[in-house]
Amino acid sequence: MHQVMNFMEEKIMPPLFKMASNKYLLAIRDAFTSTLAIVLIGSVFLLICYFPNESWAEFIGPYVPMLSVPNTLTLGLIALYMAFAIGYALANAVNLQPLVNGVATTAIFLIMVNPLTAEGTISLAYLGSQGIFCAILAGVVTVFLNYQFTKRGILIKMPDSVPPIISAAFEMLISLGIIVVLVWAVRVAFGVNIPGLMSMLISPLAVAADSPFAVVTESLISRTLWFAGIHGGSIIAFNGGALYPFALANIDANAAAVAAGQAMPYIITPSFESFYQDSSVSAFAICLMMVAVCKSSHLKQIGKLAALPAVFGVTEPFWFGLPVVLNPIMLIPFLFANTFNLLTTWILSYLNIIGRTYVTLHWALPGFLGSYLSSGGDLRNLIWWIVLLVLNCLIYYPFIKMYDKQKMQEETEAQITTQG
């Protein structure tokens, strides 16, 4: 175990720490997170419109066009909102005026996707999840070029008496003008379908991101980061990290398929991650075991204190209180259990033994409820979540007992020392 810890500290942790501290990656992650509220609201209306119950469908059918409006104008325009958020967050990361860059990025994104039709209307095709990667590209291009122009002094400098927000807008005129002309020339003058090109380029990645390989890789990396004390989920996870754009596009496609009465094409979504990972299942299972089978007063107390937060996916009291972080005894089950949960859920979803998810819900929703609702009320998913809870107890049991024995010995020695 000592050799394993040394190997991780010397070979595994340094590149992961570097990735976790990358300010551009963190800025894009924050931009994604900022859109969570509108995604959740849009998904709730989606669930209301298409809850899979015949009686409900007959009742709600006449109102679906009206009730679909909030979903269309929230989740259906998610790339537009993300364009602003990414420009804002990236500019903030490199000490540029964030509001001006957010607005500029939104404009570049709209020119990049060019939603205007021949009839003079606006198409929403690339303003939703299909345009997310264009939003990222627009943010990176806009902020990067503005930063380079600013650093080299290629800007319109205003007097110090001018308000900062106005000064920032004028300083960006040159770089933004060049970016607008370049993007317009590529998209409109030369007729290059930038969104289509982006879709073609990332399609292999999109396929790979909905595979068992993606599940295993994401789980092992995120849990290794967590083990080092870094919030791995926020770095790479499908429900808020680097893989979030793929998962969000997947759940949007699944929702569209449900609305059209078709089979859902994808498995990995933000809800897939949120309600079957260890923070939804394992943490609560371990808290139950600590209360029920552990003899150490420390573990029993941590189990009691962390159980209620764990029900709602808040696992920090558990990860750091047990602790799991930097605890060699917990390393093996910590890496294995989450990977087991996600991989077996992927396989069962692929085989249509359980339902696929198409509703985005907040990760803090209790796992048994989230697994049921995110699949549109599929009872099989609820049953599978309960089975996973039992299996996670079995996975962690020998390691919890081993750790309990160690803590009991420490408490006995401390008591003897105190009495002596």
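Everything that follows concerns the structure shown earlier in this document.
Right, let's walk through the structure included here. (Residues numbered from 1 in each chain as written. Predicted model: local features only at pLDDT ≥ 70, side-chain atom pairs only at ≥ 80, totals over all residues. Heavy atoms only, no water.)

### Here's the deal with unusual backbone geometry
Moving on, step 1. Positive phi, close to 65 degrees, is recorded for Asn 95, a residue that is not glycine.
Moving on, step 2. As for its position among the elements, Asn 95 is in the loop between helix H6 (78-93) and helix H7 (98-113).
Moving on, step 3. Using a relative accessible area of 72% as the deciding quantity, one classes Asn 95 as exposed.
Moving on, step 4. Its identity is not glycine, yet Asn 352 carries a phi of approximately 60 degrees, on the positive side.
Moving on, step 5. Turning to its location among the elements, Asn 352 is positioned in the loop between helix H19 (328-350) and helix H20 (367-374). (Helix = DSSP H or I, 4+ residues; strand = E, 2+ residues; numbered from the N terminus. Buried < 20%, exposed > 50% of the residue type's maximum accessible area, 1.4 Å probe, protein only.)

### Here we look at the side chain of Gln 277
Moving on, step 1. Tracing the sequence through the fold places Gln 277 in the loop between helix H15 (270-276) and helix H16 (282-292).
Moving on, step 2. Residue class for Gln 277 comes out buried when judged on its relative accessible area of 8%.
Moving on, step 3. There is a polar contact of 3.4 Å between the side chain of Gln 277 and the side chain of Arg 223.
Moving on, step 4. Side-chain polar atoms of Gln 277 contact the side chain of Ser 279, separated by 3.1 Å. (Polar contact = N/O pair within 3.5 Å; in protein donor to acceptor, adjacent residues only side chain to side chain.)

### Quick notes on the nonpolar core
Moving on, step 1. Core analysis: the biggest nonpolar cluster contains 98 residues, and Met 82, Phe 109, Leu 248, Met 290, Phe 318, Met 330 and Tyr 396 have the highest contact counts within it.
Moving on, step 2. In terms of residues, this core owes the most to one element, helix H21 (residues 379-419), which gives 10 residues.
Moving on, step 3. In this view, Met 330 contacts Leu 322, Pro 323, Val 324, Tyr 396, Phe 399, Ile 400 and Tyr 403; residues no more than four positions away in its chain are not counted. (Core = buried A, V, L, I, M, F, W, Y, C linked by side-chain atoms within 4.5 Å. Contact = heavy atoms within 4.5 Å.)

### Some points on helix H14 (residues 244-259)
Moving on, step 1. An ideal rise of 1.5 Å per residue puts 22 Å on 16 residues; H14 measures up with 22 Å between its terminal C-alpha atoms.
Moving on, step 2. Those residues of H14 lying buried are Tyr 244, Pro 245, Phe 246, Ala 247, Leu 248, Asn 250, Ile 251, Asn 254, Ala 255, Ala 257 and Val 258.
Moving on, step 3. The elements touched by buried residues of H14 are helix H2 (23-34), helix H3 (36-50), H6, helix H8 (132-151), helix H11 (194-208) and H15. (Expected span 1.5 Å × (residues − 1).)

### Observations concerning empty space enclosed by the protein
Moving on, step 1. If you walk through the whole model with that rule in mind, you get two cavities of 30 Å³ or more.
Moving on, step 2. Looking at the largest cavity, its volume works out to about 50 Å³.
Moving on, step 3. Looking at the largest cavity, the residues that line it are Ile 267, Phe 272, Tyr 276, Thr 345, Ser 349, Ile 354, Gly 355, Arg 356, Thr 357 and Asn 381.
Moving on, step 4. Only H15 and H19 provide two or more residues apiece to the lining of the largest cavity.
Moving on, step 5. Residue composition of the lining of the largest cavity, by class: four nonpolar, five polar and one charged.
Moving on, step 6. Here the second largest cavity is characterised by a volume of approximately 30 Å³.
Moving on, step 7. Ser 274, Phe 275, Ser 279, Ser 280, Ala 310, Val 311, Phe 312, Gly 313, Trp 363, Leu 365 and Gly 367 together form the lining of the second largest cavity.
Moving on, step 8. Elements with a minimum of two residues in the lining of the second largest cavity: H15 and helix H17 (297-311).
Moving on, step 9. For the lining of the second largest cavity, the class distribution of residues is six nonpolar, five polar and no charged. (1 Å grid on protein atoms, 1.4 Å probe; cavity = no way out; pocket = protein on both sides within 12 Å on 5 of 7 lines; lining within 4 Å. Points joined across faces, edges and corners; volume = space filled by probe spheres on them. Nonpolar A, V, L, I, M, F, W, Y, C, P; charged D, E, K, R; others polar.)

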